[in-house]
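Residue strings, one per chain:
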Amino acid sequence: MKILIGRILVACVVLVLGSSVLAQSTRQDNGGSRCSSHTLFGDYGAQIEGTEYIPNDPNPPIKVDLRTISMGHYDGVENVTFRDHVVVDGNPPPQEWREASGTYVVNPDCTGRFSVDTAPGFPPIVVYFVVVKHGAEIRGVTNGSAITYSAFKVN
């Protein structure tokens, strides 16, 4: 009986060590990268929420509440287009659906950034994000404000 238990323990140790080596070699085979710009490909429905502070020199910045629903299309080669509906301080937008475009980059560690040009005369919107669930979700935040971005791949 002791010999049988000893053999089972040895087999378990060999299996655990073997799977660890296999996992490490798999990670090294793909260069350690898990993501690329192609990880984001297709349509993503997004919700954007937060508070924006608009410069108002010489007075204090103006605080606005922002709620947006958006459909983004990522082409897999670093171009993105959006159609969004933006509600500011509870007021409907002058245009029901607005279009915007920009570029994005996804790093091997699944972090990234996109920059979107909106209206002429306004600076681009820059969002830093992480790609989760193998590209099924994107979670991000804009630079310089308290606005969050959550997007989910549309099937």
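About the cut-offs
Residues numbered from 1 in each chain as written. Predicted model: local features only at pLDDT ≥ 70, side-chain atom pairs only at ≥ 80, totals over all residues. Heavy atoms only, no water. Salt bridge = Lys/Arg side-chain N within 4 Å of Asp/Glu carboxyl O. Helix = DSSP H or I, 4+ residues; strand = E, 2+ residues; numbered from the N terminus. Buried < 20%, exposed > 50% of the residue type's maximum accessible area, 1.4 Å probe, protein only. Pairing = 2+ DSSP bridges.

S.K.: Quick rundown of the pattern of salt bridges? Include the residues and the values.
M.R.: This model, assessed by the stated rule, comprises 6 salt bridges. Between Arg 98 and Asp 84 there is a salt bridge, with its nearest N and O atoms 3.0 Å apart. Highlighted residues: Arg 98 in strand β4 (residues 98-106) and Asp 84 in strand β3 (residues 79-88), separated in sequence by 14 residues. We classify Arg 98 as partly exposed; its relative accessible area is 30%.

S.K.: Quick rundown of the pairing of strand β6 (residues 125-132)? Include the residues and the values.
M.R.: Looking at chain direction, strand β5 (residues 111-117) and β6 are connected through 6 bridges and run antiparallel. Each residue of the ladder has a partner; that of Ser 115, found in β6, is Val 126. As paired strands, β6 and strand β7 (residues 137-142) are joined by 6 bridges and run antiparallel to one another. Looking across to β7, one finds that Phe 129 is bridged to Gly 140. Following β6, the chain reverses through 4 residues before pairing antiparallel with β7; Lys 133 in that reversal takes a positive phi of roughly 55°.

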